[in-house]
Structures are given as C-alpha cells and as structure tokens.
Amino acid sequence: MLRLPTRTLRSTFRSLSSYGKVDDKIVSLICNIVGPDNVTTSESARNLHGTDESFHPTRAPEAVVTPLSTSHVSEVMKICNSHRIPVIPFGTGTGFEGGVGALYGGVCMAMHKMTEIVEVNQSDFDATVRAGVTRHQLNDWIRADGLHFPIDPGAGASVCGMCSTSASGTNAVRYGTMRENVLNMEVVLADGTVIHTAGEGRRPKKTSCGYNLTNLFVGSEGTLGVITQATVRLHGIPEATAAAISSFDSVQNAVDTVVMILQCGLPLARIEFLNSDMISACNKFSNLQLKEAPTLFLEFIGSPSGVEEQAMLAEELCVGNGGENFSWATEHSEREQLWKARHNCWYAVKATYPGKHAYSTDVVVPVSHLPETVVFCHELAGEMGVPAPIVGHVGDGNFHCFLLSNQDDETETLRIKDFSRKLALKAQSFGGSCTGEHGIGLGKRELLIEEVGTGAFETMKIVKKSLDPLLIMNPGKVIDLDHLL
Ligand SMILES: Cc1cc2c(cc1C)N(C[C@H](O)[C@H](O)[C@H](O)COP(=O)(O)OP(=O)(O)OC[C@H]1O[C@@H](n3cnc4c(N)ncnc43)[C@H](O)[C@@H]1O)c1[nH]c(=O)[nH]c(=O)c1N2
Ligand SMILES: CC(C)C(=O)C(=O)O
Ligand SMILES: [Mn+2]
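Every value quoted in this text rests on a predicted model; they were computed, and no experiment measured them.

Caption draft 1: Here's a closer look at the coordination of the manganese ion (ligand 3). Surrounding the manganese ion (ligand 3) are the protein donor atoms H393 (NE2), H400 (NE2) and E437 (OE), at 1.9 to 2.2 Å. Here the manganese ion (ligand 3) is ringed by 6 donor atoms whose angles at the metal span 74 to 177°, and the overall shape comes out octahedral. Sequence spacing among the residues donating to the manganese ion (ligand 3) works out to H-x6-H-x36-E. Here the two residues H393 and H400 agree in accessibility, since each one is buried.

Here is the structure:
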C-alpha cells in the first residue's frame, strides 16, 4: 500500500513543535489580499466563529477572514500553507459536531460574503452557487421557476457547508442526501490550487469519468479543502402535497409501520418519527395539541389523485398497526405549521429543559433494524434515567436522541457520552453508522475507526496527507492529529 513519509512529517512537526501563529505580519499579508474590511481579530468575531450548535465548547480562531472570491481564498491558503497556519472553513455555524472549533488556533475562513447565485439552469434542473449562499436563499431565488432544492437540515445552513457535512434532512427519503445532489464543486486545496471536482463547467447528471472527487469532498468537513462553489441538482415543485399525522400506543408499532410503508413502495416525501417526550416539547414550543404518544409525521407528493391514494393506503397501514387519530391536510398553512414544528424540534427541546446542555445523537441503520434500534435507545434512556426526546428521519433508518445534561456536572457528561457511544455501537452492530448526517467532527473520531476498519482508515489517512501534507486544513477534525503524525 502507498505510504507517505510519516517519519519526515513527524519530525517536521517535532522540529516546529506547533503550528505557525497568526501574528501582525500574517494579518497584514492577508489584509493585502482581502482588504482591511475582510479580516478581523476582534474577540467577538473570533468567538462567534469558533462556535457551532454542538455541545463542544468554543475554540476561537486567531483571526477571521471573509474572502470575496475564489482567488482571495486561494491566495490566503498559499500564505497559510507556507507558514503552517491552520485554516478552518466556516459556513453558517449550524453544524452539530464541533467542526468549526479552532483546536490549534489559525484562521477561520468565513464564507458568508461569497453570496452569488452563479447560474440556474431551469430546464436542466441544476444551479451553481458560491460558498456563502444558504439553502433558504437558493430556494427563494428558484421558487418562481417552479423549482426547489429539497435538502433541508432544519437550519438555514450554507449549501457548501451542507456539502461539507454531507447533510440531509426530512426530504432525504425521497430526494436523497447531499451525496446524491451535488454534481460538481470548486475547491481550493491546502496549497492554494483551485480544482473543479468534475471538471470546470461540467454538470452532467451522470458520469463514469475517473475517480469520484465530488463525493470525496462531500462529507470532508473542511479537512481536505475549502469548497468555494457547488453545482447542485434542483427538483420540480410537486403539483399536490399533503401532510399526515398518526399516533401509536408504542414505539415499536410506530416504527414497524414505517418499515411496512417502505416495503409497500409508497413513494413518500417525508416520514418522520417523534416519541412522546418529543411531542410534548413540540406541543409547548410550537403550540400544537398533539396526543403525547409515539407519532409519525408523513408527507405525500404527486398529482392530487395520487396524493389521495397514497394517503389512504398510508392510513390503512397506520390503522392496521394500531395507529390512531390519522389526519391529513393539504392546506399550505397547516402543512407549514407541522413541518415548522418538526424543524424546530431542537429548539423545542432546549426550551423544555432550560439551563441544560443538549447533545444530539445521529445514528442510522438498515431500515429492517430500525424498530429494535429505536426501542433499544428508548430503553437505554429509561435505564439511565435520562430524558430522551427522539426524532428521526426514519424513512432512511436515521434518528436523533437528544440528551440533556448539566454542563458543569462531569458525571452527567460522561454518562451522556457513554449513552451516545453505546447507541452508536449498537447501530454499527446492525450494519449501520454512528452518523447519518451530522458528520464525525470532534466527538466521533474513534467511532469512525471502529466503523470503517483499519484498511479504510489507513486509506483515509493517505488521502488526507496527500491533499494536505502539512495538515493545515481543519486540523483535529475527522482524524485525530495523533493518527496522522
Ligand atoms: C435546528 C437545526 C436542525 C438541523 C441542523 C442544525 C440545526 C441548528 N443540522 C446541522 C447543520 O445544519 C448541518 O450540519 C449543515 O450542513 C451545516 O452547514 P453550515 O453552513 O452551518 O456549516 P458550519 O459552518 O457549521 O460548518 C460545518 C463543517 O463544515 C465545514 N465547512 C463549512 N463550510 C465549508 C466550506 N465552504 N468548505 C469546506 N468546509 C466547510 C466546517 O469547517 C465544519 O467542519 C442538520 N443537519 C443535517 O444534516 N440534517 C438535519 O436534519 C439537521 N437539522
Ligand atoms: C436538530 C438536529 C439534531 C436534526 O438533525 C434534526 O432535527 O433532524
Ligand atoms: Mn436530522
């Protein structure tokens, strides 16, 4: 197997003993490229850019740079690479795994000023956006053309940040994840080289052309390069849409129903599960009056008659499994209220347990193992005596259990980490993954090794060291530095 000169790398780092510092000289070099308005060392900006939605504490970078163009990014990368300064890309900071923390100092590359929607090809169903464009901005832009970009993490994340974590959300059961929806990316590598993962200007729906670099950078969490532009698939807004809810007397019955719905080949757009703790939090936070029981939220799309047919079949399956209160709505406002409440689950939980520190698990299993995994999670929470609101994109076998702890109580934090690890190992034992959509970041680095095994892990190390030999790209994320030196 190809190996990079690890010994040389290790001695390079030993002799340096640490990364370079972002001193006045470096700030002024960067300032010469991006201009004084686009670099700051202010404490508030640094703190803001060292924090995401995760429970990991803030790790502020030494400076925040806001490039306006790909050439700015490239020139700044050249400076950082030649001085061995870490670079941490930042989208909108909505990530869940501590990805934006500056563990070893360095420069935060904050992409929010690169806001151009470069092109929308209406008849080809694709769009190209620069790194600062959020999914909401893209959708606002294309709605009038009858198009949408359906990948929907609850937050208003940047499209390139979503590429970087391989995000998905409630629509993935129908439209897939970022992996299936990115056609091409412009990426600036650690040494400043600019590449287009599928070739400049290319946007074919399929390709067999060489190694799949697009999918190498999707999910790379800022550790292989800075994504400066993405070309993504768009989809037509369906003619008719209906949302439905049904509650169940047990978690098992609710989740069994999901498996049956999938086995029947019902082409649902969304199938989300919420347990009773989660419904209770949503009722309070989003002013709903739902029965506090294991519940499915469903969405059907298609022609009006097709939607009605799907809803009736889904109702039959729900009722057959003890589902109650099956109700469905086609009204836009009713559907909006339901999905808004679903997207706000995280905030609902935080509001329900004020003062507690929230942590989200993110396991995914082959769907046949979903019922026992959700039940396992439910029972584990019961045994540990921790509140455990669960919500999930169960159509994909993916769900989150939100764990609450007192931030200052180390025993509680350890208990939660133990819970999360046990759940992840259970998912892995069923052929699943410790993360369906949030990524590895900081907290799941050891689980990554267990999941992919030594051969694949060594291959990942080779990829990392080949593209970023001085280990400046988001160091410490995905692969611990100890494994690379
Ligand atoms: C209420 C709520 C609900 C959800 C979620 C968040 C919140 C707050 N998320 C998580 C989050 O929205 C998701 O991980 C996004 O992809 C993060 O995008 P940001 O632009 O915020 O990246 P953010 O700035 O948080 O960065 C995340 C990682 O990507 C890297 N990065 C960012 N921009 C980059 C670029 N241009 N080039 C290279 N690397 C870059 C960063 O270095 C970091 O490692 C989620 N997620 C999900 O998949 N499904 C879901 O259901 C939800 N739901
Ligand atoms: C809020 C987070 C954990 C999420 O991914 C979701 O609500 O689906
Ligand atoms: Mn999610």
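Caption draft 2: The pairing of strand β4 (residues 107-110), seen in detail. Because side chains alternate across β4, one face comprises the buried residues V107 and M109, and the other comprises C108 and A110, equally buried. Pairing geometry for strand β2 (residues 63-65) and β4, over 3 bridges, is parallel. Opposite V65, over in β4, you have M109 as the bridge partner. As paired elements, strand β3 (residues 87-90) and β4 share 4 bridges and run parallel to each other. In the sheet register, F90 faces β4, and the bridge partner there is A110.

Caption draft 3: Fine view of the site of ligand 1. Inspection of the region around ligand 1 gives 35 residues, with P89, T92, T94, S158 and S164 positioned closest. Between ligand 1 and the protein, one listed contact pairs an oxygen atom with a backbone N or O atom of G95 at 2.8 Å. Take I227: an N or O atom from its main chain is 2.9 Å from a nitrogen atom of ligand 1. Taking 980 Å² as the accessible area of ligand 1 by itself, protein coverage stands at 97%. Structurally, ligand 1 is housed in the largest cavity. The set of elements that each furnish at least two residues to the shell around ligand 1 consists of β3, α6 (159-165) and β10 (226-233).

Caption draft 4: Here's a closer look at the layout of surface pockets. If you add up the space inside the largest pocket, you get close to 770 Å³. Surrounding the largest pocket, 26 residues form its lining, R143, H148, N171, R270 and E336 being those nearest its centre. Elements that contribute at least two residues to the lining of the largest pocket include exactly α5 (135-142), β7 (147-148), β14 (295-302) and α13 (332-343). The biggest single contributor to the lining of the largest pocket is α13, with 6 residues. When its residues are assigned to classes, the lining of the largest pocket shows 9 nonpolar, 8 polar and 9 charged. When we break the lining of the largest pocket down by domain, the ones giving at least three residues each are domain 2 (117-236) and domain 3 (240-440).

Caption draft 5: Just the packing of aromatic side chains, in detail. In this structure the tally under the stated criterion is 5 aromatic pairs. For the ring pair Y19 and Y104, a centre distance of 5.7 Å and an interplane angle of 55° mean the geometry is tilted. Residue Y19 is found in the loop between α1 (6-16) and α2 (24-34), and its partner Y104 is found in the loop between β3 and β4; the two are separated by 85 residues along the sequence. For Y19, a relative accessible area of 8% gives the class buried. In this structure Y104 comes out as partly exposed when scored by relative accessible area, which is 33%. Consider the rings of W346 and F402, whose centres lie 5.2 Å apart with planes at 75°: the pair is edge-to-face.

Calculation notes
Residues numbered from 1 in each chain as written. Chains lettered and ligands numbered in written order. Predicted model: local features only at pLDDT ≥ 70, side-chain atom pairs only at ≥ 80, totals over all residues. Heavy atoms only, no water. Donors = N, O, S within 2.8 Å, 3.2 Å for Na, K, Ca; no water. Tetrahedral: all angles 85-135°; square planar, octahedral: opposite > 155°, others 65-115°. Buried < 20%, exposed > 50% of the residue type's maximum accessible area, 1.4 Å probe, protein only. Helix = DSSP H or I, 4+ residues; strand = E, 2+ residues; numbered from the N terminus. Pairing = 2+ DSSP bridges. Near = heavy atom within 4 Å. Polar contact = N/O pair within 3.5 Å; in protein donor to acceptor, adjacent residues only side chain to side chain. Areas by Shrake-Rupley, 256 points an atom, 1.4 Å probe, with all protein chains shown as cover. 1 Å grid on protein atoms, 1.4 Å probe; cavity = no way out; pocket = protein on both sides within 12 Å on 5 of 7 lines; lining within 4 Å. Sits in = over half its atoms within 2 Å of the grid points. Points joined across faces, edges and corners; volume = space filled by probe spheres on them. Nonpolar A, V, L, I, M, F, W, Y, C, P; charged D, E, K, R; others polar. Domains from an automatic or database assignment. Phe/Tyr/Trp six-rings, centres within 6.5 Å; stacked < 30°, edge-to-face > 60°.

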